[in-house]
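One letter stands for each residue in the lines below.
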Amino acid sequence: MERKEKKAILEAILFTMGDSVEIERLAAVIEEEKAATHEMLLEMKSEYEKDFRGMALLELEDSFQMCTRGDMYEYLIKIAKTPRKYVLSETVLETLSIIAYKQPITRLEIEKIRGVSCDHAVNRLLEFDLVTELGRLDAPGRPLLFGTTEEFLRCFGVKSLADLPQMNPVQIEEFKMQAENEVMLQLDV
């Protein structure tokens, strides 16, 4: 294995680990003496500094850690403060609307309305902090109940759930008929 390849391996390990890693462990991975590994790490540290890279190698006692250069902190803050942009698929939006209008609601109830599994959609909504677990239904199996969050209200520009648009009764009947037709089609298969 060439020196360049060994340095690439060290870089990959330190980047992935995030925490400090003992030189001895790094040496074992690249099958090199501890002193030679230490020398390579010092070279890498120097190269990062010389090339004015965003990353730096930090030596801590008998270990090394990859970290962001200290003078990059202000830029990290800028990006961290930038609001997240949500990309909500049609399926996720449909699931969110069901939760918003029917909360508190269980996964099973959502699946009965949608006619398909909603695990992925609910997990995405939890990840985006648009819905939350409200507790458990007092029924066999004690299923989780879901409802919307303050983040949901902020994202959709409403002050409360009462401000959600009311559905037209004609639309509701159309949706029911569509759902019934879908169920009938599935039963025919």
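Residues numbered from 1 in each chain as written. Predicted model: local features only at pLDDT ≥ 70, side-chain atom pairs only at ≥ 80, totals over all residues. Heavy atoms only, no water.

Time to look at the confidence of the model for the protein chain. The predicted coordinates should not be examined in detail at positions where pLDDT is low. When the pLDDT values of the protein chain are averaged, the result is 87; 93% of them are 70 or greater. Of all the helices and strands in the protein chain, helix 9 (residues 169–188) carries the lowest mean pLDDT, 71, while helix 2 (residues 23–30) carries the highest, 95. (pLDDT = per-residue confidence, 0-100. Helix = DSSP H or I, 4+ residues; strand = E, 2+ residues; numbered from the N terminus.)

On the basis of which strands lie adjacent, the open sheet formed by 3 strands has the order 1-3-2 and antiparallel pairing. Bordering the open sheet on either side are strand 1 (21–22) and strand 2 (55–60), each of which pairs with just one other strand. With 2 bridges joining them, strand 1 and strand 3 (residues 63–68) adopt antiparallel strand pairing. When the sheet's bridge partners are listed, Val 21 is paired in strand 3 with Phe 64. Sheet strands touched by helix 3 (residues 34–50): strand 2 and strand 3. Its angle to strand 2, the strand with the most contacts, is close to 140°. (Pairing = 2+ DSSP bridges. Contact = heavy atoms within 4.5 Å. Axes fitted to C-alpha atoms, helices over the stretch in contact; angles between N-to-C directions.)

In this section: the packing of aromatic side chains. Remark: the centre distance and the inter-plane angle together describe each pair of aromatic rings, the angle taken between the planes. For the structure on display, the rule yields 1 aromatic pair. With centroids separated by 5.1 Å and ring planes inclined at 40°, the aromatic side chains of Phe 152 and Phe 156 adopt a geometry described as tilted. With Phe 152 and Phe 156 both in helix 8 (residues 150–156) and 4 residues apart, the pair spans about one turn of that helix. For Phe 152, a relative accessible area of 3% translates into the label buried. By relative accessible area, Phe 156 is classed as partly exposed at 40%. Over the ring of Phe 52 we find Arg 69, and its NZ or CZ is 3.8 Å from the ring centre. (Phe/Tyr/Trp six-rings, centres within 6.5 Å; stacked < 30°, edge-to-face > 60°. Buried < 20%, exposed > 50% of the residue type's maximum accessible area, 1.4 Å probe, protein only. Lys NZ or Arg CZ within 6 Å of the ring centre and 35° of its normal.)

This next bit is on the pattern of salt bridges. Tallied over the entire structure, the rule returns 15 salt bridges. Ionic pairing is found between Glu 11 and Arg 53, a salt bridge with its closest N-O pair at 3.5 Å. Taken as a pair, Glu 11 in helix 1 (residues 3–17) and Arg 53 in the loop between helix 3 and strand 2 lie far apart in primary sequence, 42 residues in all. The class of Glu 11 is partly exposed, set by a relative accessible area of 29%. Of the residues examined, Arg 53 reaches a relative accessible area of 34% and is grouped as partly exposed. Of the charged contacts in the structure, one is a salt bridge between Arg 69 and Asp 71, with a shortest N-O distance of 2.7 Å. A relative accessible area of 12% means that Arg 69 is categorised as buried. Salt bridges sharing partners connect three or more residues here, namely Arg 3, Lys 7, Glu 39, Glu 43 and Glu 47. (Salt bridge = Lys/Arg side-chain N within 4 Å of Asp/Glu carboxyl O.)

Our focus in this paragraph is the nonpolar core. In this structure, Leu 88, Leu 96, Ile 99, Ile 110, Leu 125, Leu 130 and Phe 152 are the most contacted members of the largest nonpolar core, which totals 20 residues. Looking at this core, the elements that each hand over two or more residues are helix 5 (90–102), helix 7 (119–127) and helix 8. Here the element with the most residues in this core is helix 5; it accounts for 5 residues. Once you skip the residues sitting within four places of it in the chain, Leu 96 turns out to touch Leu 88, Leu 125, Leu 130, Val 131, Thr 148, Phe 152 and Phe 156. Residues Leu 14, Val 21, Met 44 and Tyr 48 belong to the second largest nonpolar core, which totals 13 residues. (Core = buried A, V, L, I, M, F, W, Y, C linked by side-chain atoms within 4.5 Å.)

The subject of this paragraph is the packing of helix 1 against helix 2. Interhelical geometry of helix 1 versus helix 2 gives an angle of 130° and a closest axis separation of 10 Å. Regarding the angle of helix 1 to helix 2, the classification is oblique. When the axes of helix 1 and helix 2 are compared, the crossing they make is right-handed. Counting all contacts with helix 1, which are made through Lys 6, Ile 9, Leu 10, Ile 13 and Leu 14, the residues of helix 2 involved are Leu 26, Val 29 and Ile 30. Within the contact of helix 1 with helix 2, the residues separate by chemical class into 7 nonpolar, no polar and 1 charged. (Parallel < 35°, antiparallel > 145°, perpendicular 65-115°, else oblique. Left-handed = near helix turned anticlockwise from the far one by under 90°. Nonpolar A, V, L, I, M, F, W, Y, C, P; charged D, E, K, R; others polar.)

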